[in-house]
Amino acid sequence: MKVGIDSIAFNIPKLHLPIKTLAENRNIEPDKLIKGLGLQKMSFPDVYQDVVTFGANAVYKLIQQENLNPKDIARIYVGTESGVDSSKPIASYITELLEQKLGVGNFNNCDTLDMTFACIGAIDALQTTLDFIRLNPNKKAIVVATDNAKYDLNSTGEYTQGAGAIALLITANPRVLSFSKEVGVATQGVFDFFKPRRYVSKKDILNTTDNPEWFGIQENEIAFYKEQPVFDGHYSNQCYINRTYEAYSHYKEITNQTGVLYQNWENILMHLPYCYQARRTFVEIYSKENNLTDDIKTIAKSTEYLEFVTKTIFPSEIASGQVGNMYTGSIFLGMLSTLCFHLQNDADLIGKKMGFIAYGSGSKSKVFEAEVESDWKTIIAKTQLFEALSNSTEIDFGTYISLYKKEQKHAVLVPKNEFVLDYIEKEKPMLIGARYYKFV
C-alpha cells in the first residue's frame, strides 16, 4: 500500500522587499546576494499575519480545494520553530480558526500537535503521520509547516528572511507523491543555531536592589524570548554538510545500495535556508560518491556539476529565491516549486523518484525517497504557486523596517477572504496574552 501526499496548498505573505533594495541600504553589492546566493525577493508578513494565520489559511485553502469533510480529518500535525506560545500549540489555534468557518465541533475528534526540531520539525510531523496512515489507511490527515524566519537587523541572516506555510493532505493511495518507509537519520547535539530563553535581572531593568513584582513576575530574573536566533553561520553550514552526508550514507546502508544513490533521483529536494544552499553543499556528497579528489570549489564550478545542478536542484530554487527562508516549510516549498516547474514544462514524471535531504539545526538530518504518482499534474495545477509569487506587492525599505520593528499600526494591504490576527488580550487577568483571530 502506498502512502503519501494527496494534495498541497500554501499561504505566503503578500508583501516582499526586493533583495536589491535591502542590499543597497546595507551597503552590500547586490550581485553578491542575487548572483552569489540566488536571492531575488524577501517575503515579509503584514501586521495582521503570523504563523497561525499562515497555517490556518493554508489548511482552509486545502480543505476548500479538495472539498474535504472536516470530520474526515483525523489529525492536523504542525511542524514549526516559530510557536506563539510555550504551551498551547499552533495546531489547536488552527482548528479553532477553522471552526469559525466550517462549524463549531467539526474538529472535536481531530488529533492536534506541534513538533519542533528547528527546520526539520515538519519532516518529523510528516513521517509520524505517514506511519499513522499506514496503520489507518481509511483516514485522512494534514501536515502543516508554518514559520516566520526573522533575523537581527544588519546580521548575516537578514537577507535570508522569509515566511509562510505549506499544508499537505496525507492519505493512502496518494495522487502526488508516495514515500519510502526507509529513512536515513543522522543526529548530533550542537549549538549551531538556537533560540534560547534569555534572562535579565530586575535590577538591570528597574535600577533597584529590591525585587518588586513587575507585570506579574515575582522572580528576580525575568525570562524573555526573542524571535531572532543565536547562530554561527559558518559552523551551522558545516553541521548541515556533516549531518546530510551521514544521513545520506545511512539511507544507502539501510536500503542496501552500493552504487551512486542520487542517480536514482530525478530531482533532489533539500532544506533551503537560502536559495543556493543545496547546490553549494550537495557538492560534498557529489564528490565523495564519484571519488573526486579535486578541490571542492573546483568541482562546484565544473561544467559537469553545474549541468547536474541545473537538472536536479535548480527547479527547487525558483520559489525559494522569491520567498526566502521558510524554516520548516523550505523543503516543501522546494518540492512544490519543482513540481510546478515540471508541470510548466509538461514533463513526464510518473514513476520517477525524488530524493529528500532534510536538515534541522541542533542538529539532525533525514534522507528518504518519494515516487511521483499518476495524477500529480491535476493536483499541482490547482496550487498556482508561480502565479501567486508574481502577484506579490513590493514594499520600500522604510515600510520593511516599520513592519520589522512592529511600529507599523495599519495593514499595508487590506486583508480579504482570509484569517487575520485580530488582537492580543492585555487586560483580562485570566486571559493575558491570549491571541484572537477572525476571518475577514
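Here the structure is a predicted model, which means the values were calculated and not measured.

Q: Explanation requested: the sheet that holds strand E3 (residues 41–44) in the structure shown.
A: Strand pairing in a sheet relies on backbone hydrogen bonds, with the paired strands running either antiparallel or parallel. Strands sit in the order E3-E2-E17 across an open sheet of 3 strands; the sheet is mixed. One side of each edge strand has no neighbouring strand; the edge strands of this open sheet are E3 and strand E17 (393–394). The pairing of strand E2 (residues 15–18) with E17 spans 2 bridges and is parallel. Residue pairing for E17: histidine 16 is matched across the bridge by glutamate 394.

Q: Honestly, the pattern of salt bridges in this entry has me stumped. Any pointers?
A: Any two side chains of opposite charge can pair, so long as their charged atoms come close to each other. Under the counting rule described, the total for this entry stands at 25 salt bridges. A salt bridge links arginine 26 to glutamate 158; the shortest N-O distance between them is 2.8 Å. Of this pair, arginine 26 sits in the loop between helix H1 (19–25) and helix H2 (30–37) while glutamate 158 sits in the loop between strand E6 (140–149) and strand E7 (162–172), and the two are 132 residues apart along the sequence. Glutamate 317 is the partner of arginine 279 in a salt bridge, and the nearest nitrogen-oxygen pair spans 2.7 Å. Remark: glutamate 317 occurs in helix H11 (residues 314–323) and arginine 279 occurs in helix H8 (residues 277–289); sequence separation between them is 38 residues. Residue glutamate 317 is classed as buried on the basis of its relative accessible area, which comes to 3%.

Q: I'm lost on the packing of helix H12 (residues 330–344) against helix H13 (residues 376–383) in this one. Help?
A: Between two packed helices, what matters for the description is the angle formed by their axes and the separation of those axes. Following both chains from N to C, one finds H12 and H13 inclined at 110°, their axes separated by 10 Å at the closest point. By the angle between their directions, the pair H12 and H13 is classed as roughly perpendicular. Residues Leu336, Leu339, Cys340, His342 and Leu343 of H12 lie in contact with H13, whose contacting residues are Trp376, Lys377, Ile380, Ala381 and Thr383. Among the residues making up the contact of H12 with H13, the classes are represented as 7 nonpolar, 2 polar and 1 charged.

Q: Is there a simple way to explain the packing of H8 against helix H10 (residues 303–312) in this structure?
A: Running from amino to carboxyl end, H8 crosses H10 at an angle of 120°, the nearest separation of the two axes being 11 Å. Judged by the angle between their axes, H8 and H10 are oblique. You can see that H8 and H10 cross each other, and the crossing is right-handed. Residues Ala278, Arg279, Phe282, Val283 and Tyr286 of H8 pack against Glu304, Tyr305, Phe308 and Val309 of H10. When the residues that make up the contact of H8 with H10 are grouped by side-chain class, the tally is 7 nonpolar, no polar and 2 charged.

Here is what the cut-offs are and how they apply
Residues numbered from 1 in each chain as written. Predicted model: local features only at pLDDT ≥ 70, side-chain atom pairs only at ≥ 80, totals over all residues. Heavy atoms only, no water. Pairing = 2+ DSSP bridges. Helix = DSSP H or I, 4+ residues; strand = E, 2+ residues; numbered from the N terminus. Salt bridge = Lys/Arg side-chain N within 4 Å of Asp/Glu carboxyl O. Buried < 20%, exposed > 50% of the residue type's maximum accessible area, 1.4 Å probe, protein only. Axes fitted to C-alpha atoms, helices over the stretch in contact; angles between N-to-C directions. Parallel < 35°, antiparallel > 145°, perpendicular 65-115°, else oblique. Contact = heavy atoms within 4.5 Å. Nonpolar A, V, L, I, M, F, W, Y, C, P; charged D, E, K, R; others polar. Left-handed = near helix turned anticlockwise from the far one by under 90°.

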